[in-house]
Number of protein chains: 2
Amino acid sequence: MKILYTQHEIKEYAVEQKKAGKLIGLVPTMGALHEGHLTLMRKAREAADIVIASVFVNPVQFGPNEDFDAYPRQFEEDCAKLEAAGVDAVFHPEPKDMYPDGFCTYVNVEGDFTKKLCGGQRPGHFRGVATVVTKLINLARADKAFFGQKDAQQVCVIRRFVEDLAIPVEINMVPIVREDSGLARSSRNMYLSATEKEAALVLSRSLRTAEKAFNDGISDVSELKRIIVNTIKEEPMAVIDYAEIYSFPGLEEISKIEGEAIMAIAVKIGKTRLIDNIILNL
Amino acid sequence: MKILYTQHEIKEYAVEQKKAGKLIGLVPTMGALHEGHLTLMRKAREAADIVIASVFVNPVQFGPNEDFDAYPRQFEEDCAKLEAAGVDAVFHPEPKDMYPDGFCTYVNVEGDFTKKLCGGQRPGHFRGVATVVTKLINLARADKAFFGQKDAQQVCVIRRFVEDLAIPVEINMVPIVREDSGLARSSRNMYLSATEKEAALVLSRSLRTAEKAFNDGISDVSELKRIIVNTIKEEPMAVIDYAEIYSFPGLEEISKIEGEAIMAIAVKIGKTRLIDNIILNL
């Protein structure tokens, strides 16, 4: 497995692969890899000739009071996992290489849907995501890119700018990978103590309870929201950031589930903010 | 020569050319083509296997009080000129095709240099340029793109975002083409009456007077600026929008010419705003 540390190195590698007629699959990550990421790698492995993973904690998508410094970094462990998953090359740049002096271009997705959910809680977050993902796709000459459904709003944002700017890449969304307990895999789960991890099960439990109600015939959005919120409130350690139901992928307000919809929540357990979602389809 | 009217058509055409191993050169224009544009086409013709020109008056780069509606449109004449210049395909979309409902992504170059010169006079202008040029490069799968030096700040902006976002395209700047009188070719010259056209000669005259002074050993920026401004003031019909000298391509304030520098002016002659520039090199 190749390790590429600079824009220059990844460009050279990608151009060589394209010249050889290879189809390139890209999996952008911030490292601290778990089963969710590795599932993305395996999907890319099936769908492309060459799989490039990136491991880059992108400063531009973190707010000033967020966990950029604390975000887990464990590049050697990550490399072992990526190699085992059959990844061909890892791109692992320094922030200064991606954003050198004079850098001043940002990709802004300005639709209202970017201000909802995590976009409301994390201003500037999706601008950082859109900018780095555009740059990674271009550097990797990616034909396909793979993202997890756990960051569902991120997928909506990425699909939007890829279409708007006509970026020649296919965006694939891969379902959430969960622990046996139901907890959605996340690099931030490492922040949780044993007690907090137990408490964090309320996220998936609340969504599943609402999903069951939906499957039993309840399609009224306020009723489903109430089920989610009431379930979360049963857990004393949980503080709700948001609990919303929107159309998917447009993220528009709806009062009844018709077509695709997403139930999305962000909940603080202690100091750790966790997100989860389930997509419903009527 | 192929005429492509939709994103779908140009994508199909470009993908086919790339599959056949062709090098694609793109020349974005707003139509109303003159010798300046045709020089760009010939440069592209020399440098690429396939030349795609676009003719698109881009609404997003015009301010609310600017000349979007009045901007000259003469697509049939343009096509005849493009065909004669050996262009392979013209992309001529409707605004609704480029910016359909839901479109909300913009490429923002935020550096201070975008607020100078035309950027100061035309807020939002370069955001519109960066967005449409990114989209055109992606749609055309362009390996090379060609722009005129007349819009020198535009070239600085384009080079900036192409580098920042790692867009895999080579940007070429082609020198200004002038009438025998010295007047820089521009689609907006059509707006000028015979008297105004005569008055408009003051733009190139002022720059050339300063250039001569520079060649005679004057490298002090305020002195060169004074020469430009005083020359323009000799023409009663001329109203200066700006007359500036900056480093090139960084567009930074300088007090002395060292290395590359640009003398750039925008002048209103009657209702028509004209721009011109000369790049100096010590």
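Owing to the predicted nature of the structure, the values given are computational and were not obtained by experimental measurement. (Residues numbered from 1 in each chain as written. Chains lettered and ligands numbered in written order. Predicted model: local features only at pLDDT ≥ 70, side-chain atom pairs only at ≥ 80, totals over all residues. Heavy atoms only, no water.)

K.L.:
Could you give an account of the domain arrangement of chain A, with specific residues and numbers?
P.N.:
Residue and element names in this part refer to chain A. Per the domain assignment, the segments making up chain A are domain 1 (2-174) and domain 2 (187-281). The interface of domain 1 with domain 2 comprises 23 residues on the first partner and 21 residues on the second. Three residues stand out in domain 1 for area buried against domain 2, namely K116, L117 and Q121, and they jointly supply 30% of the buried area on that side. Taken together, the elements giving at least two residues each to the side of domain 1 that touches domain 2 come down to α5 (117-121) and α7 (152-164). (Domains from an automatic or database assignment. Contact = heavy atoms within 4.5 Å. Buried area = accessible area lost by both parts, 1.4 Å probe. Helix = DSSP H or I, 4+ residues; strand = E, 2+ residues; numbered from the N terminus.)

K.L.:
Help me get a handle on the packing of helix α1 (residues 7-19) of chain A against helix α6 (residues 125-140) of chain A, residues and values and all.
P.N.:
All names here are of chain A. The interhelical angle for the contact between α1 and α6, taken along N-to-C directions, is 50°, at an axis separation of 7 Å. Of the possible angle classes, the one that applies to α1 and α6 is oblique. Across the interface between the two elements, Q7, I10, K11 and A14 from α1 touch K135, L139 and A140 from α6. (Axes fitted to C-alpha atoms, helices over the stretch in contact; angles between N-to-C directions. Parallel < 35°, antiparallel > 145°, perpendicular 65-115°, else oblique.)

K.L.:
Help me get a handle on the environment of E94(A), residues and values and all.
P.N.:
Residue and element names in this part refer to chain A. Within the secondary structure, E94 is located in the loop between β4 (89-91) and α4 (95-98). Separated by 87 residues in the primary sequence, E94 and Q7 place their C-alpha atoms 9.7 Å from one another. When sequence neighbours within four positions are dropped, the list of residues in contact with E94 reads Y5 and F56.

K.L.:
Kindly report on the packing of α6(A) against α7(A), identifying the contributing residues and their values.
P.N.:
All names here are of chain A. Taken N-terminus to C-terminus, the directions of α6 and α7 make an angle of 55°; their axes are 10 Å apart at the nearest point. Relative to α7, α6 is oriented oblique. Crossing angle aside, the handedness with which α6 passes α7 is right-handed. Residues F126, V129, A130, V133 and T134 of α6 lie in contact with α7, whose contacting residues are Q153, Q154, V157, I158 and F161. (Left-handed = near helix turned anticlockwise from the far one by under 90°.)

K.L.:
For a nonpolar patch on the surface, give the residues involved together with the corresponding values.
P.N.:
All names here are of chain A. A cluster of nonpolar side chains, contributed by M1, I3 and Y5, occupies part of the molecular surface with about 240 Å² of accessible area. Examined against the element boundaries, M1 turns out to sit in the segment before β1 (2-4). The exposure class assigned to M1 is partly exposed, which follows from its relative accessible area of 31%. (Patch = residues over 30% accessible without salt bridge, like charges linked within 9 Å, V, L, I, M, F, W, Y side chains within 5 Å. Areas by Shrake-Rupley, 256 points an atom, 1.4 Å probe, with all protein chains shown as cover. Salt bridge = Lys/Arg side-chain N within 4 Å of Asp/Glu carboxyl O. Buried < 20%, exposed > 50% of the residue type's maximum accessible area, 1.4 Å probe, protein only.)

K.L.:
Residue-level account of the interface of chain A and chain B, with values.
P.N.:
The partner chain B presents 28 residues to the 28 residues of chain A that form the contact. Of the roughly 2,200 Å² buried between chain A and chain B, counting both surfaces, carbon and sulfur atoms make up 53%. Here chain A is connected to chain B by two salt bridges. A salt bridge links E110(A) to R127(B), with the shortest nitrogen-to-oxygen separation between them at 2.9 Å. Across the chain A-chain B interface, the total number found is 16 residue pairs in polar contact (both at pLDDT 80 or more). At the level of secondary structure, the elements contributing two or more residues to the side of chain A that touches chain B comprise β5 (105-109), α6 and α7 of chain A. (Polar contact = N/O pair within 3.5 Å; in protein donor to acceptor, adjacent residues only side chain to side chain.)

K.L.:
Describe the sheet that holds strand β9 (residues 260-269) of chain A, and please don't skip the residues or the numbers.
P.N.:
Residues and elements named next belong to chain A. Taken together, three strands build an open sheet; the order of strands is β8-β9-β10 and the sheet is antiparallel. Both edges of this open sheet fall to β8 (238-247) and β10 (272-281), since each of them pairs with a single strand only. Pairs of neighbouring strands in the sheet enclose a mean axial angle of 15°, with direction left out of account. Pairing geometry for β9 and β10, over 10 bridges, is antiparallel. Residue pairing for β10: I269 is matched across the bridge by T272. (Pairing = 2+ DSSP bridges.)

K.L.:
Tell me about the environment of S206(B), and name the residues and values.
P.N.:
As for its position among the elements, S206(B) is in helix α9 (residues 201-215). Those residues within four positions of S206(B) in sequence are excluded, and the remaining contacts are I228(B), T231(B), I232(B) and I265(B).

K.L.:
Which residues make up unusual backbone geometry, and what are the values?
P.N.:
Leaving glycine aside, a negative phi is the common case for residues, and trans is the common case for peptide bonds. Each neighbour pair has its own omega, and for F248(A) with P249(A) the value is 5°, a cis peptide bond. Here P249(A) shows up in the loop between β8 and β9. Not every positive phi belongs to a glycine, and A32(A) is a case in point at roughly 55°. Summarising the element assignment, A32(A) is placed in the loop between β2 (24-29) and α2 (35-47). Residues other than glycine seldom take positive phi values, yet L251(B) does so here, at roughly 55°. Of note, L251(B) is situated in the loop between β8 (238-247) and β9 (260-269).

K.L.:
Could you give an account of the nonpolar core, with specific residues and numbers?
P.N.:
One finds I52(A), F161(A), I52(B) and F161(B) to be the most contacted residues of the largest nonpolar core, which totals 106 residues. Counting residues in hydrophobic clusters, the runner-up holds 28 residues, among them A213(B), A243(B), V267(B) and L280(B). (Core = buried A, V, L, I, M, F, W, Y, C linked by side-chain atoms within 4.5 Å.)

K.L.:
Break down the packing of aromatic side chains for me, with residues and values.
P.N.:
Following the criterion strictly, the structure yields 10 aromatic pairs over all chains and no others. Consider the rings of F62(A) and Y71(A), whose centres lie 5.9 Å apart with planes at 75°: the pair is edge-to-face. One aromatic cluster is present, formed by F56(A), Y99(A), F103(A) and Y106(A) through successive ring pairs. The ring centre of Y106(B) lies 3.8 Å from the NZ or CZ of R127(B), which sits over that ring. (Phe/Tyr/Trp six-rings, centres within 6.5 Å; stacked < 30°, edge-to-face > 60°. Lys NZ or Arg CZ within 6 Å of the ring centre and 35° of its normal.)

K.L.:
Give a description of the relation of the copies chain A and chain B that names residues and reports values.
P.N.:
Mapping chain A onto chain B is achieved by rotating through 180° and translating by 0.0 Å along the same axis, at an RMSD of 0.0 Å. On this basis, the relationship between the two copies can be described by a two-fold rotation axis. Closest approach to the rotation axis within chain A is made by the C-alpha atom of V107(A), at a distance of 2.4 Å. A symmetric contact is evident, with 100% of the interface residues of chain A recurring at the interface of chain B. (Least-squares fit on C-alpha atoms with pLDDT ≥ 70 in both.)

K.L.:
Describe the pattern of salt bridges, listing the residues and the values that go with them.
P.N.:
All names here are of chain A. The tally for this structure, following the rule as stated, stands at 28 salt bridges over all chains. Across the pair E179 and K197 runs a salt bridge, and its minimum N-O distance is 3.4 Å. Here E179, found in the loop between β7 (170-174) and α8 (194-199), pairs with K197, found in helix α8; they are 18 residues apart in sequence, far enough to count as distant.

K.L.:
Before we move on, could you go through the sheet that holds strand β2 (residues 24-29) of chain B and cite the residues and values that matter?
P.N.:
All names here are of chain B. Ordered in space as β1-β4-β3-β2-β6-β7, the six strands form an open sheet in which the pairing is parallel. Where the open sheet ends on each side, the last strands, each with one partner, are β1 (2-4) and β7 (170-174). Neighbour-to-neighbour, the strand axes of the sheet open up by a mean angle of 25°, direction not taken into account. Relative to β7, strand β6 (residues 144-148) runs parallel, the two being bridged by five bridges. Residue pairing in the sheet places F147 in a bridge with M173 of β7. Its contacts with the sheet place helix α1 (residues 7-19) against β1, β2, β3 (50-55) and β4 (89-91), and it is angled at close to 130° to β1.

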